[in-house]
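An overview of the molecular structure
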Amino acid sequence: MIARWAVASLFFACLIGLWQLAVNAHIWSPLLLPSPSNVFIYLWSSLEDGTMLEATLVTVRRLLIGYGMGILIGLPLGLLTASFRWSQDTIGVLALGLQTLPSVCWVPLALLWFGQTEAAMLFVVVMGTLWSLIIATDTGVRTIPPIYSRAARSMGSSGFHTWTHVILPAALPFLLSGMKQGWAFAWRSLMAAEIYVTILTGFGLGHLLHYGRELNAMDQVIGVMLVIVMIGLAVDKTLFAPVERFLHRRWGTGRQ
Amino acid sequence: MESPAPATEAVPTKLVLEHVSKSFQTSSLHVQALDDVTLRIAEGEFVCLVGPSGCGKSTLLNLIAGLDRPDGGTVQADGQPISGPGPHRLMMFQEAALFPWLTVLGNVLFGLKLVNGLSSAERREKAEYFLELVGLKRFMHSNVHELSGGMRQRVALARSLAPNPGVLLMDEPFGALDALTREQLYGDIQRIWSQHRKTIVFVTHNVREAVCLGDRVILFSPNPGRIREEFSIPLPRPRDINSVDLARYSTEITRVLKGYVQSEVAG
Ligand SMILES: Nc1ncnc2c1ncn2[C@@H]1O[C@H](COP(=O)(O)OP(=O)(O)OP(=O)(O)O)[C@@H](O)[C@H]1O
Ligand SMILES: [Mg+2]
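So, a few notes on the structure that sits alongside this text. (Residues numbered from 1 in each chain as written. Chains lettered and ligands numbered in written order. Predicted model: local features only at pLDDT ≥ 70, side-chain atom pairs only at ≥ 80, totals over all residues. Heavy atoms only, no water.)

1. Describing the layout of surface pockets
Residue and element names in this part refer to chain A. Approximately 1200 Å³ is the volume found for the largest pocket. No other element matches the 10 residues that helix α10 (residues 218-251) contributes to the lining of the largest pocket. Residues belonging to the lining of the largest pocket are distributed by class as follows: 21 nonpolar, two polar and five charged. One number sums up the size of the second largest pocket: a volume of about 200 Å³. Lining the second largest pocket are 16 residues, and of these Ala 170, Pro 173, Phe 174, Trp 251 and Thr 253 sit closest to its centre. At the level of secondary structure, the elements contributing two or more residues to the lining of the second largest pocket comprise α8 (159-196) and α10. No other element matches the five residues that α8 contributes to the lining of the second largest pocket. Residue classes in the lining of the second largest pocket are distributed as 11 nonpolar, four polar and one charged. (1 Å grid on protein atoms, 1.4 Å probe; cavity = no way out; pocket = protein on both sides within 12 Å on 5 of 7 lines; lining within 4 Å. Points joined across faces, edges and corners; volume = space filled by probe spheres on them. Helix = DSSP H or I, 4+ residues; strand = E, 2+ residues; numbered from the N terminus. Nonpolar A, V, L, I, M, F, W, Y, C, P; charged D, E, K, R; others polar.)

Structural data, given as structure tokens:
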């Protein structure tokens, strides 16, 4: 465990070292490539004056609400498309088509429909998450070996009980990877929305990134990017990784 | 249709199949999986179904389990037409079909939870009893993938026995196991059957296995799937699969069985 930490720390220390070397070599102007310490100073001051914390809260709140809505709508719809021919031919086809649409494409439509509001932001996040979640759920349910539900039916399970006690748990590994993918899509779409749309109800990380560019403040741009990466890592390590470990242990999949 | 047990029979009839037929239509061809099959199985009887691949043995079990409906004829259990699956007639599949998202104990509890009128303490007690019976109580908190193939089949056996079904349907349950493990399971299943007196319908490719376990061995022939012949096996129990008496029966049955396969090839 300690060895793994040491390796990881060394690796990232080396990355920062290389970065500092590149700065010292003066290949690029300091305006384009600020030094690690400058970025650190920006991060520190933005933490002190509260802008970073506030922007993070605004963004994470949108993310959670939008992602949560995406799951609440997408999961049942995915189950639906996997169960009936008619829903597969309608909702299924719709989801298949729309999931290929990059989420940034929803931004103009969201702006026209909802104006510069919080609703526009959520709409883009939900559209970014929903379709791929439907597809993942559908695939997960279809991939379950039919022997499980036959065995369950033979023991007297039927209808709703089969869904909640057999099909959902059997599809869990697929659902989880679908949810992970959905999370990544939610981030992407929210950042696209925040960078393109200025709204007055909240100043998120995407906005911070956007203004960093406007002000030519590379330390801010890189600092915000680092924060985004950190949040992504933290969510993966605290939310998804434990569930994944549990599934691997139960199913006996993955490398130990 | 009423079919009370005839007065001449000492034990009541458990399962009655009359003129059962079932066919499958796929995109490329029409298969008559079962054709006019009539079969009576007494309560507590151990019946083995043997026949070449594709002669409708699994189809027959599915019909008895209520997982499928016949095209024609009737299938009855305890004098009632079978309308669907249920915990009175449990199916044990060729592959163990255990649920990987549950522990060993969770798997055995799954069927018990579908039986009405059991408290959770009673369910737990039953589950542990049957795991003990198949010799796997020590593994009750293990994950399914941590068991060997034979252990999984034993858990599947415990899972099928726990809800106390009157009828146990076993579809080549030991097909994937090595000879030694199988012999051990023959012992287990005979012991459990004599203690708990279930009606067992057991499908196998292995004639020796059928003779070792069955009161009766029923031979099927394919295309269309039909019952061809029946053998009573009046050997005393417990039976040893390697005994000479048993070999005599299995040689005889194998000879008859080969006849069908050859006529099949010739025709
Ligand atoms: N769901 C199905 N759809 C189409 N055909 C089927 C289906 N189930 C069974 N059949 C056909 O019915 C016939 C009998 O199948 P069944 O599985 O009952 O054979 P079996 O006697 O159990 O064979 P085996 O010993 O190989 O398991 C086969 O020809 C098979 O192709
Ligand atoms: Mg079969």
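2. Quick notes on the sheet that holds strand β5 (residues 80-81) of chain B
Residue and element names in this part refer to chain B. Across the sheet, which stays open at both edges, the four strands sit in the order β2-β1-β4-β5 with antiparallel pairing between neighbours. With one partner strand each, in any of the chains shown, β2 (30-42) and β5 form the two edges of the open sheet. Here two bridges tie strand β4 (residues 72-77) to β5, and the two strands are oriented antiparallel to one another. For Gln 76, the partnering residue across the bridge sits in β5 and is Pro 81. Lying over the sheet, helix α1 (residues 57-65) contacts β1 (13-25), β2 and β4, oriented at roughly 120 degrees with respect to β1. (Pairing = 2+ DSSP bridges. Contact = heavy atoms within 4.5 Å. Axes fitted to C-alpha atoms, helices over the stretch in contact; angles between N-to-C directions.)

3. Regarding the packing of aromatic side chains
Across all of its chains, the model carries 19 aromatic pairs over all chains by this definition. The interplanar angle of 20 degrees and the centroid separation of 5.9 Å between the aromatic rings of Phe84(A) and Trp86(A) together place this pair among those described as stacked. Phe84(A) sits in the partly exposed class, given a relative accessible area of 41%. In this structure an aromatic cluster arises from ring pairing among Tyr148(A), Trp251(A), Phe99(B), Trp101(B) and Phe110(B). The side chain of Arg159(B) reaches across the aromatic face of Phe99(B), ending 4.8 Å from its centre. For Arg197(B), the ring lying beneath its charged end belongs to Trp193(B), and the centroid distance is 4.2 Å. (Phe/Tyr/Trp six-rings, centres within 6.5 Å; stacked < 30°, edge-to-face > 60°. Buried < 20%, exposed > 50% of the residue type's maximum accessible area, 1.4 Å probe, protein only. Lys NZ or Arg CZ within 6 Å of the ring centre and 35° of its normal.)

4. Looking at the interface of chain A and chain B
At the interface, 19 residues of chain A touch 24 residues of chain B. Interface area for chain A against chain B, summed over the two sides, is near 2000 Å², with a carbon-plus-sulfur share of 67%. It is Ser154(A), Met155(A) and Arg250(A) in chain A that bury the most area against chain B; as a group they hold 36% of the surface buried on that side. Put simply, chain A and chain B have nine residue pairs in polar contact (both at pLDDT 80 or more) between them. If one sorts the elements of the side of chain A that touches chain B by residue count, helix α7 (residues 146-154) of chain A sits on top with seven residues. (Buried area = accessible area lost by both parts, 1.4 Å probe. Polar contact = N/O pair within 3.5 Å; in protein donor to acceptor, adjacent residues only side chain to side chain.)

5. What to know about the sheet that holds strand β7 (residues 167-171) of chain B
Working definition: the strands of a sheet are paired by backbone hydrogen bonds and lie parallel or antiparallel to each other. All names here are of chain B. Spatial ordering of the open sheet is given by β6-β7-β8-β3-β9-β10, a layout of six strands whose pairing is mixed. Each of the sheet's edge strands pairs with one partner strand only, and the pair in question is β6 (89-92) and β10 (226-232). In this sheet, adjacent strand axes meet at a mean angle of 20 degrees when their direction is disregarded. In this sheet, strand β8 (residues 199-204) lies alongside β7 in parallel orientation, the contact comprising five bridges. Across the sheet, residue Asp 171 finds its bridge partner in β8, namely Val 203. Strands β3 (46-50), β6, β7, β8 and β9 (216-221) of the sheet are contacted by α1, whose axis makes an angle of about 155 degrees with β7.

6. A word on the site of ligand 1
All names here are of chain B. In the vicinity of ligand 1 lie 13 residues, with Ser 53, Gly 54, Lys 57, Ser 58 and Thr 59 positioned nearest. Contact with the protein chains hides 64% of the accessible area of ligand 1, taken as 630 Å² for the molecule alone. It is α1 that contributes the most residues to the shell around ligand 1, three residues altogether. Of the residues that constitute the shell around ligand 1, the class distribution is four nonpolar, seven polar and two charged. (Near = heavy atom within 4 Å. Areas by Shrake-Rupley, 256 points an atom, 1.4 Å probe, with all protein chains shown as cover.)

7. Description of a positive patch on the surface
Residues and elements named next belong to chain A. On the surface, Arg 4, Lys 237, Arg 245 and Arg 249 cluster together into a positively charged patch. In terms of residue count, the dominant contributor to the positive patch is α10 (three residues). Topologically, Lys 237 is positioned in helix α10. Residue Lys 237 is classed as exposed on the basis of its relative accessible area of 57%. (Patch = residues over 30% accessible without salt bridge, like charges linked within 9 Å, V, L, I, M, F, W, Y side chains within 5 Å. Salt bridge = Lys/Arg side-chain N within 4 Å of Asp/Glu carboxyl O. Lys, Arg positive; Asp, Glu negative; His and termini not counted. Charge placed at Lys NZ, Arg CZ, Asp CG, Glu CD.)

8. Regarding empty space enclosed by the protein
Across all of its chains, the model carries two cavities of 30 Å³ or more by this definition. Here the largest cavity is characterised by a volume of approximately 70 Å³. The wall of the largest cavity is formed by Ala151(A), Ser154(A), Met155(A), Leu90(B), Met91(B), Met92(B), Phe93(B), Ala96(B), Ala97(B), Ala156(B), Arg159(B) and Ser160(B). For the lining of the largest cavity, the secondary-structure elements that each account for two or more residues are α7 of chain A together with β6 and α4 (149-161) of chain B. Grouping the amino acids of the lining of the largest cavity by side-chain chemistry returns nine nonpolar, two polar and one charged. Considering only enclosed or pocket space, the second largest cavity measures out at about 30 Å³ in volume. Elements supplying a minimum of two residues to the lining of the second largest cavity: α4 and α5 (179-196) of chain B. Per-element accounting of the lining of the second largest cavity gives the leading share, three residues, to α5(B).

9. Focus on the nonpolar core
Residues Leu205(A), Leu60(B), Leu157(B), Met170(B), Val217(B) and Leu219(B) are the most contacted members of the largest nonpolar core, which totals 147 residues. Among the elements that line this core, the one with the most residues is helix α6 (residues 118-143) of chain A, at 13 residues. Each of two domains, domain 1 (12-88 + 171-266) and domain 2 (99-164) of chain B, supplies a minimum of three residues to this core. (Core = buried A, V, L, I, M, F, W, Y, C linked by side-chain atoms within 4.5 Å. Domains from an automatic or database assignment.)

Honestly, it's all geometry; don't read function into it.
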